[in-house]
There are 2 protein chains.
Amino acid sequence: MKIDLNEAVRCLVENDNIVILPHDHPDGDTLGSAFALKRALDKIGKKVKIVCDDGIPEKYSYMIQDVKNDDFSDEKFVVAVDVADISLLGEKTREKYKNKINLAIDHHTSNRLECEKLLLDENAAACCETIYEIIKESGIEIDKKIADCLYTGLSTDSGCFRYSNTTSRTLRMASELVDLGASHFDINVIMFETKTRTYMKLENLVMKTMQMYYDDRCAIVNISQDMYEMSGSNETETDPIVAKTRQIEGVLVGAVLREKSDGSFKVSLRTNKDLDASAICGLLGGGGHPKAAGCQIDGPLENAREKLLDAIGKFLN
Amino acid sequence: MKIDLNEAVRCLVENDNIVILPHDHPDGDTLGSAFALKRALDKIGKKVKIVCDDGIPEKYSYMIQDVKNDDFSDEKFVVAVDVADISLLGEKTREKYKNKINLAIDHHTSNRLECEKLLLDENAAACCETIYEIIKESGIEIDKKIADCLYTGLSTDSGCFRYSNTTSRTLRMASELVDLGASHFDINVIMFETKTRTYMKLENLVMKTMQMYYDDRCAIVNISQDMYEMSGSNETETDPIVAKTRQIEGVLVGAVLREKSDGSFKVSLRTNKDLDASAICGLLGGGGHPKAAGCQIDGPLENAREKLLDAIGKFLN
């Protein structure tokens, strides 16, 4: 059942022994939502715990600092934050809380999480926008730590206010959170301005392999196993490279061919304008989102590139 | 003479045949300031022209669209926007307007431009913040095109709200400008998500020159004239490279040494944490902001690097 903000506030204020579920592989928005909400509810004497199969990545550790440690088995109210689908919870959490979610707070248009009550704001750039409104509406004071958590969600989910989901509300809330003490600069340095030296080396090796196709509308780079060795980097650091291929002026399709240890290639593809990344990768047995998708192709490199170019050509020509 | 906002508004409203001077190698803030101010003054029937030795780079062409074309020789009032020093004007403009600047509007702490009246807001992330306040104070309606110009300045000078100069005011103004119709997403794609192929080639050549100093707390790269030739790029495209040096994990000072055609070097320096970029460059006769500053050093490269490292060492040790 869809509910409004006031109803969500009422649910939270009237209940206790609350479990908050962020999604697995947690990001800044789901964690910001979870910790801001916990910290706010802590202030009015609730017992609240956050449950997430994956641990909290080190870079978000400032959210956890000095947080009240509640442990209780008598769980009475379960809230999912920024969780669009049950599959996005970790396996253990999913098993335990399936069909037991009382309230879901989310901003994904595609939300299909089974829950008793759903507060969905599809116009919010981040789930933290809604959490901010809930806390304000409840009259709980927003301290610096809560402001840090909320700002993190706003900033990370909007690409630091660059993405098209950013609205005047997002920016106004960010402004208010800075006034409430959010360490916006420090947070943005951690989230956007910190790259490891090994990543920088890898990026440099990879960008040299760039080749342009289809009248410069397609840019492809490749990463070999050798490059991981030479740079000291690894596959977990390759995401920003994919984004770089799409940033080139005039490029409609950017792709990275990542060699796996078995000699096959993992393809990550990004598109601009109306080109459907998911459809291109679909031709090669993969899938994804309209602007970001992936697939697997057999090696050697020449074979993988040729197959990928064939598929891209069907959409570019 | 330092003046306040009201006095600046009075000057602009009482005068006519106004010349606006952005700085040379114009960026989003100086152009946003110039075109927002011109467009606002156009609305109250003033004759206003913008004078800049360097042309307007193609990516800012949306600012010029449908702008009233005023040409007059009977110039009566000269306003410099975002110009901290006379040397930042192009040679022709400098010769013509030296000692003739009636009003300077700026946000650089290091401002030392000779002018009759100075409106300086050192807390503004962008000169456009002050221009926005001037236009609001004057009661002139801010239309979509003016909002685009002002948003561009705010966004570009604050690294899309990432840099430490970003305040709650910057974000609040951005929010208001989005409400006034600023095409924030399209502008950010142009400013931050589009890179030319020549830039990509240059970046790759430059990043290979990276050297680390002072226990990896300082990263320096250099750009030679050769690299411009090899990549097809030029000095106007080098700004994002400076930012990259500071992004490396653990780096407190990042710098780029850009070789000029006369063999001397233009230094751009960026700092993290509390390190004062302006003070470091001040030791070498330059200046700027706390986290972003610059200076000139004689060649050859080894000399420039040594002098720069000396200055940096005084602050790092």
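Heads up: these notes are all about the structure in this document.

1. Some points on the side chain of Thr 130 of chain A
Moving on, step 1. Structurally, the position occupied by Thr 130 of chain A is in helix H5 (residues 127-138).
Moving on, step 2. Once residues lying within four places of it in the same chain are set aside, the contact partners of Thr 130 of chain A are Leu 5, Ile 105, Leu 119, Asp 121 and Ala 124 of chain A.

2. Observations concerning helix H11 (residues 239-246) of chain B
Moving on, step 1. Counting buried positions along H11 of chain B gives six out of eight residues, so the element sits mostly inside the fold.
Moving on, step 2. Every buried residue belonging to H11 of chain B is among Ile 241, Val 242, Ala 243, Lys 244, Thr 245 and Arg 246 of chain B, and all of these are buried.
Moving on, step 3. The secondary structure elements touched by the buried residues of H11 of chain B are helix H9 (197-207) and helix H11 (239-246) of chain A together with helix H9 (197-207), strand S7 (218-223), strand S8 (253-259) and strand S9 (265-271) of chain B.

3. Quick look at the pattern of salt bridges
Moving on, step 1. Inspection of every chain in the model, using the stated rule, returns 50 salt bridges over all chains.
Moving on, step 2. Between Arg 162 of chain A and Glu 193 of chain B there is a salt bridge, and its shortest N-O distance comes to 3.1 Å. Taken together, the residues span two chains, with Arg 162 of chain A in the loop between helix H6 (144-157) and helix H7 (168-179) and Glu 193 of chain B in the loop between helix H8 (184-192) and H9.
Moving on, step 3. Of the residues examined, Arg 162 of chain A reaches a relative accessible area of 13% and is grouped as buried.
Moving on, step 4. For Glu 203 of chain A, the salt bridge is made with Lys 244 of chain A, and the minimal N-O distance between the two is 3.6 Å. Here Glu 203 of chain A, found in helix H9, pairs with Lys 244 of chain A, found in helix H11; they are 41 residues apart in sequence, far enough to count as distant. Each member of the pair, Glu 203 of chain A as well as Lys 244 of chain A, carries the same accessibility label: buried.
Moving on, step 5. One salt-bridge network, held together by shared partners, links Glu 7, Arg 10, Glu 14 and Lys 117 of chain A.

4. Focus: unusual backbone geometry
Residue and element names in this part refer to chain A.
Moving on, step 1. With an omega of -5 degrees, the peptide bond between Gly 299 and Pro 300 qualifies as cis.
Moving on, step 2. If you trace the backbone, Pro 300 turns up in the loop between strand S11 (292-297) and helix H13 (301-316).
Moving on, step 3. Positive phi, close to 65 degrees, is recorded for Asp 82, a residue that is not glycine.
Moving on, step 4. Checked against the element boundaries, Asp 82 lands in the loop between strand S3 (77-81) and helix H4 (91-97).
Moving on, step 5. Under the relative-accessibility criterion, Asp 82 is labelled buried at 2%.
Moving on, step 6. Phi at Tyr 214 takes a positive value of approximately 50 degrees, unusual for a residue other than glycine.
Moving on, step 7. Among the residues examined, Tyr 214 registers a relative accessible area of 24% and is labelled partly exposed.

5. Here we look at the interface of chain B and chain A
Moving on, step 1. Taken residue by residue, the interface counts 38 residues in chain B and 37 residues in chain A.
Moving on, step 2. Approximately 3700 Å² of surface area, both sides summed, lies buried where chain B meets chain A, with 54% of it carried by carbon and sulfur atoms.
Moving on, step 3. On the chain B side of the interface with chain A, the three residues burying the most area are Arg 162, Arg 197 and Gln 247 of chain B, jointly 21% of the side's total.
Moving on, step 4. For the interface between chain B and chain A, the tally reads six salt bridges.
Moving on, step 5. Where chain B meets chain A, there are 18 residue pairs in polar contact (both at pLDDT 80 or more).
Moving on, step 6. Counting residues per element, the ones that place at least two in the side of chain B that touches chain A are helix H7 (168-179), H8, H9 and H11 of chain B.
Moving on, step 7. Counting residues per element, the side of chain B that touches chain A draws most heavily on H7 of chain B, at seven residues.
Moving on, step 8. For the side of chain B that touches chain A, the per-class residue count stands at 13 nonpolar, twelve polar and 13 charged.

So, how was this worked out
Residues numbered from 1 in each chain as written. Chains lettered and ligands numbered in written order. Predicted model: local features only at pLDDT ≥ 70, side-chain atom pairs only at ≥ 80, totals over all residues. Heavy atoms only, no water. Helix = DSSP H or I, 4+ residues; strand = E, 2+ residues; numbered from the N terminus. Contact = heavy atoms within 4.5 Å. Buried < 20%, exposed > 50% of the residue type's maximum accessible area, 1.4 Å probe, protein only. Salt bridge = Lys/Arg side-chain N within 4 Å of Asp/Glu carboxyl O. Buried area = accessible area lost by both parts, 1.4 Å probe. Polar contact = N/O pair within 3.5 Å; in protein donor to acceptor, adjacent residues only side chain to side chain. Nonpolar A, V, L, I, M, F, W, Y, C, P; charged D, E, K, R; others polar.

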